[in-house]
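Next come the chains, spelled out residue by residue.
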Amino acid sequence: MKLLDVETPAVLVDLPRLQRNIQRMADMARAAGVSLRPHTKTHKLPGIAHWQAEAGAGGITVAKVSEAEVMAASGLTDIFIANEIVVPSKARRLAALARRVRMSVGVDSREGADALSRVAVEEGVELRVLIEVNSGLNRCGVLPGAPVLELARYIKGLPGLVLEGIFTHGGHAYSATTFEQRDGIGLSEGQVMVETAGMLASQGIHLERVSVGSTPTARAASSVSGVTEVRPGNYVFYDAMQVGLGVATWDDCALRVTATVISRPDPYRAVVDAGSKVLGSDRGGNLSAVRGYGHVVEYPQGLLARLSEEHGVITFDQSSETPHIGDRITIIPGHACPVANLANHVYLVDGDRVEATWPVLGRGRVE
Ligand SMILES: Cc1ncc(COP(=O)(O)O)c(C=O)c1O
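The following refers to the structure shown. (Residues numbered from 1 in each chain as written. Predicted model: local features only at pLDDT ≥ 70, side-chain atom pairs only at ≥ 80, totals over all residues. Heavy atoms only, no water.)

1. So, the site of the ligand
Then, number 1: The ligand sits among 14 residues. The nearest are Arg139, Tyr174, Thr215, Gly233 and Asn234.
Then, number 2: A distance of 2.4 Å separates an oxygen atom of the ligand from a polar atom in the side chain of Tyr174.
Then, number 3: Among the residues forming the shell around the ligand, the class breakdown is 4 nonpolar, 7 polar and 3 charged. (Near = heavy atom within 4 Å. Polar contact = N/O pair within 3.5 Å; in protein donor to acceptor, adjacent residues only side chain to side chain. Nonpolar A, V, L, I, M, F, W, Y, C, P; charged D, E, K, R; others polar.)

As structure tokens, then:
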């Protein structure tokens, strides 16, 4: 099928760019001597997860037990839920998965550990856990150092649980205002984790996994000796936010939305058929060069200024070249991850050819 035969709006994944992104991150992790466990929340596509594994990823990361179920059903065998599971019903789903594949899960409280331990004993399985550490994002996680040691000791005393490691996510790098700050956050993400692991080791608790990472901090955090694993996710696609953070160029951005100009109400305005139901409405953090809601590839001077559900409004200044009604344009979204989650399927494209249409099997898997 030709790209021009695809109805718009549609979500395209550029195959050469995707493969290049997958390979580069795998090479980066290999060179740093850490194992790569990509977060698949970005694409929610088992096919891409398999390509990541073929390029050298040792396992994958997901956010939810329902995503883990989709990935396990596709044949992936080492899955980390980098999130807390605290209710018995979900812990039982985790236990069912743990009978078939190598599962691990996050924990950041005694209550959470108790819940997992109870289900592990009832179900007769061992559950591998990693303590989530708050390295500055201030979302989940216990503070580094003594609070981690205290929870680690508690978990060690519980039946059915194996303490495999510690993990953190340097997502606060998305609010960095300079590249130096971004890399400083990455370095401190790694250092804080290695120091904490060292403190536990000095008390006789040796960890197999010291897991860090986000796309903007992957390189700096993995450069810290003692880090064993890195979990970037967005890098498969990149997006305007990552370009703003200086970790990618427009040419690296593999996920693109194709849309049609449906109205030219005045010389300075073009309206396209992709709105927030396709593009999401996430515009990204501080450093972001994201002007508006995304980058218009063919008309970089245009500003995707407004989204309503079904419409995107691009504004132009007097001197700009502008598109005509019926023209197709390409948008690199502000944040690629919600876009994949909103799409029923994506088109895998190479040049002007569509090589495959893949259902986004993990979309909407939020529980
Ligand atoms: C716990 C965790 N690990 C890793 C990642 C991947 O980070 P990024 O999307 O910056 O690649 C995320 C992203 O939200 C996350 O929440």
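2. Some remarks on the packing of helix 5 (residues 110-123) against helix 6 (residues 146-156)
Then, number 1: Helix 6 packs onto helix 5 with a crossing angle of 20° between their chain directions and a minimal axis gap of 10 Å. With respect to their mutual orientation, helix 5 and helix 6 come out roughly parallel. As helix 5 runs across helix 6, the sense of the crossing is right-handed. Between helix 5 and helix 6, the residues in contact are Arg110, Ala113 and Asp114 and Glu150, Leu151, Tyr154 and Ile155, respectively.
Then, number 2: Broken down by class, the residue content of the contact of helix 5 with helix 6 amounts to 4 nonpolar, no polar and 3 charged. (Axes fitted to C-alpha atoms, helices over the stretch in contact; angles between N-to-C directions. Helix = DSSP H or I, 4+ residues; strand = E, 2+ residues; numbered from the N terminus. Parallel < 35°, antiparallel > 145°, perpendicular 65-115°, else oblique. Left-handed = near helix turned anticlockwise from the far one by under 90°. Contact = heavy atoms within 4.5 Å.)

3. As for the sheet that holds strand 5 (residues 102-107)
Then, number 1: As summarised here, the arrangement of the 8 strands in space is 2-9-8-7-6-5-4-3, forming an open sheet in which the pairing is parallel. In the strand order of this sheet, the two ends are held by strand 2 (35-36) and strand 3 (60-62), each with one partner.
Then, number 2: Both strand 5 and strand 6 (residues 127-132) contribute to a ladder of 4 bridges, which runs parallel. Across the sheet, residue Val107 finds its bridge partner in strand 6, namely Ile131.
Then, number 3: Where helix 4 (residues 88-100) meets the sheet, it contacts strand 4 (78-84), strand 5 and strand 6, and its direction lies at approximately 145° from that of strand 5.
Then, number 4: Strand contacts of helix 6: strand 5, strand 6 and strand 7 (161-167), with the helix running at about 165° to strand 6, the strand carrying the most contacts. (Pairing = 2+ DSSP bridges.)

4. Quick look at the environment of Glu164
Then, number 1: Within the element layout of this structure, Glu164 appears in strand 7.
Then, number 2: With relative accessibility at 3%, the residue Glu164 sits in the buried group.
Then, number 3: For the pair formed by Glu164 and Val6, sequence separation is 158 residues and the distance between their alpha carbons is 46 Å.
Then, number 4: Here Glu164 is in contact with Arg102, Ser104, Arg128, Val129, Leu130, Leu207, Glu208 and Arg209, once residues within four sequence places are set aside.
Then, number 5: Polar side-chain contacts of Glu164 include one of 2.8 Å to the side chain of Arg102.
Then, number 6: At 3.3 Å, the side chain of Glu164 and the side chain of Arg128 are in polar contact. (Buried < 20%, exposed > 50% of the residue type's maximum accessible area, 1.4 Å probe, protein only.)

5. Quick word on the packing of helix 1 (residues 15-32) against helix 2 (residues 46-54)
Then, number 1: Running from N to C, helix 1 and helix 2 cross one another at 45°; their axes reach a closest spacing of 10 Å. When the axis of helix 1 is compared with that of helix 2, the two are oblique. Here helix 1 and helix 2 pass one another in a crossing that is right-handed. Between helix 1, through Leu15, Leu18, Gln19 and Ile22, and helix 2, the contact on the second element is made entirely by Ile48, Trp51 and Gln52.
Then, number 2: Of the residues belonging to the contact of helix 1 with helix 2, the class tally is 5 nonpolar, 2 polar and no charged.

6. Here's the deal with the nonpolar core
Nonpolar side chains tend toward joint burial in soluble globular proteins.
Then, number 1: Of all hydrophobic cores here, the largest spans 99 residues; its most connected members are Leu116, Ile131 and Phe237.
Then, number 2: Top contributing element to this core by residue count: helix 1, with 7 residues.
Then, number 3: Here this core gathers at least three residues from each of two domains, domain 1 (3-9 + 248-359) and domain 2 (77-232).
Then, number 4: Setting aside residues no more than four positions away along its own chain, Leu116 makes contact with Ile85, Ala91, Leu94, Val105, Gly106, Val107, Leu127, Val129 and Leu161.
Then, number 5: Of all hydrophobic cores here, the second largest spans 6 residues; its members include Val6, Ala10, Tyr347 and Val349. (Core = buried A, V, L, I, M, F, W, Y, C linked by side-chain atoms within 4.5 Å. Domains from an automatic or database assignment.)

7. Here we look at the pairing of strand 14 (residues 312-315)
On any regular strand, side chains alternate: one points to one face of the sheet, the next to the other face.
Then, number 1: Across 4 bridges, the pairing between strand 11 (residues 269-272) and strand 14 is antiparallel. Opposite Ala270, over in strand 14, you have Ile314 as the bridge partner.
Then, number 2: Two strands pair when backbone bridges link them, and strand 13 (residues 303-307) and strand 14 are joined in this way by 4 bridges, in the antiparallel orientation. Along strand 14, the bridge assignment pairs Leu303 with Thr315.

Everything listed here is a matter of coordinates, which is why it stays silent on function.
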